[in-house]
Amino acid sequence: MSPPRTYAFPPAGMPPREDDPHGAAVFTTAYAFIPAGTMRDIVTSLLPGWQQTRAWIIAKPLSGFAESFAQYAVEMAPGGGSDTPEPDPQAQAALLITDGTARLTVGGETFDLRAGHVVYLPPSSGWTLWNAGETPCRFHWIRKRWEAAPGVSVPPVIVTHDDEVPVNWMKGCEELWGTQRFFDPEDIRHDFHANIVTFGKGGRIPFAETHVMEHGLYVLEGRARYLLNQDWVDVGPGDFMWLRAFCPQACIVEDSARFRYLLYKDVNRHVSLAPVGAAR
């Protein structure tokens, strides 16, 4: 039987005063590597419209870097949450619950969420989210403005669970490299995907992927060596990798029985031909 799945989250707190401040964090023109150890109490933010809630903002659109999305790790204390969580009416969201329980209301329905639940929320869906338990509720939140296209309607709400979506193993890589696709990859209504990618021991991406998609990769469990541009980086639970378009990437899992990360990527839309900096 496979060990239970785990879902990393920022460690918070403060490291011992004696720790060496020369860490592994890297920010380059092609990628950023943000280790879990940098995500401490002093870098959290409070969010307008939210009560008893704090957030680590680990990605935001940056001109000339990754421009399509923002990514948060959010912690709601007992009784915390929001009736007005999203300030941008054009923004859609993907949520992954990592700890505790939450109550989501959207479209007149209520959903009780626990660790492993994955949610897609379309723009202007009027959702609310509250901690439904007596312990902190933690979740990852990806935000992106939905890009309208002729003849393409807004996607519906999706509420599913890690246990309910099988791993789609790459051809010839059974149980070594695969993806759980929480959004139908053939559904052109979706202009981004939030997947969980899984590798087994000995799994690898056998070529340096180099493509137009921007990526956010939050390591949920296990350890691996990951190629970021020209650098091989040792990554583990709670580490975040942030890739601009065309940054080469690959992965090798040598020791962990299972390596998993939450993956954001933008898909299914034409490239804007407007000059850089012009309104789209």
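Just above, that's the structure.
Let me begin by describing the structure that accompanies this report.

What counts and what doesn't
Residues numbered from 1 in each chain as written. Predicted model: local features only at pLDDT ≥ 70, side-chain atom pairs only at ≥ 80, totals over all residues. Heavy atoms only, no water. Salt bridge = Lys/Arg side-chain N within 4 Å of Asp/Glu carboxyl O. Patch = residues over 30% accessible without salt bridge, like charges linked within 9 Å, V, L, I, M, F, W, Y side chains within 5 Å. Areas by Shrake-Rupley, 256 points an atom, 1.4 Å probe, with all protein chains shown as cover. Helix = DSSP H or I, 4+ residues; strand = E, 2+ residues; numbered from the N terminus. Pairing = 2+ DSSP bridges. Axes fitted to C-alpha atoms, helices over the stretch in contact; angles between N-to-C directions. Buried < 20%, exposed > 50% of the residue type's maximum accessible area, 1.4 Å probe, protein only. Lys, Arg positive; Asp, Glu negative; His and termini not counted. Polar contact = N/O pair within 3.5 Å; in protein donor to acceptor, adjacent residues only side chain to side chain. Contact = heavy atoms within 4.5 Å. Phe/Tyr/Trp six-rings, centres within 6.5 Å; stacked < 30°, edge-to-face > 60°.

Applying the stated criterion to the full structure yields 16 salt bridges. Residues joined by salt bridges that share partners form a network here, namely Arg5, Asp162, Asp163, Glu221, Arg258 and Arg260.

A surface patch of nonpolar side chains, amounting to about 470 Å² of accessible area, comprises Val212, Phe246, Val271 and Leu273. Looking at the secondary structure, you find leucine 273 in the segment after β20 (258–266).

Read across the sheet, three strands follow the order β17-β16-β19 without closing on themselves; strand pairing throughout is antiparallel. Of all the strands in the sheet, just β17 (231–235) and β19 (249–252) have a single pairing partner and so form its edges. Taken pair by pair, the neighbouring strands of this sheet meet at an average axis angle of 25 degrees, ignoring direction. As paired strands, strand β16 (residues 224–228) and β17 are joined by five bridges and run antiparallel to one another. Bridging from a neighbouring strand, leucine 228 pairs with aspartate 231 of β17.

So, about the side chain of arginine 269. As for its placement among the helices and strands, arginine 269 is situated in the segment after β20. Look at arginine 269: it is buried, it has no salt bridge, and the nearest opposite charge is aspartate 191 at 4.5 Å. In this structure the side chain of arginine 269 is engaged in a polar contact, spanning 2.8 Å, whose partner is the backbone oxygen of isoleucine 188. A distance of 3.3 Å separates the side chain of arginine 269 from the backbone oxygen of arginine 189, its partner in a polar contact. Beyond its immediate chain neighbours, meaning those up to four positions away, arginine 269 contacts Trp146, Glu147, Ala149, Val152, Ile188, Arg189, His190 and Asp191.

On to the sheet that holds strand β14 (residues 192–200), then. Spatially, the eight strands line up as an open sheet ordered β1-β2-β18-β15-β20-β14-β13-β12, and their pairing is antiparallel. The open sheet has two free edges, formed respectively by β1 (26–27) and β12 (168–169), since each of these has just one partner strand.

Tracing the backbone through its elements, the reader meets glutamate 147 in the loop between β10 (137–145) and β11 (158–161). Remark: the alpha-carbon pair of glutamate 147 and glutamine 90, spanning 57 residues in sequence, is separated by 8.6 Å.

Now for the packing of aromatic side chains. Counting across every chain of the model gives 19 aromatic pairs. Relative to phenylalanine 259, the ring of phenylalanine 199 lies with its centre 6.2 Å away and its plane at 40 degrees, an arrangement referred to as tilted. Of the two residues, phenylalanine 199 sits in strand β14 while phenylalanine 259 sits in strand β20, which places them 60 residues apart along the sequence. With 5.9 Å between their ring centres and 80 degrees between their planes, tyrosine 226 and tyrosine 261 make a pair best called edge-to-face. On the criterion of sequence distance, the pair formed by tyrosine 226 in strand β16 and tyrosine 261 in strand β20 is long-range, its members being 35 residues apart.

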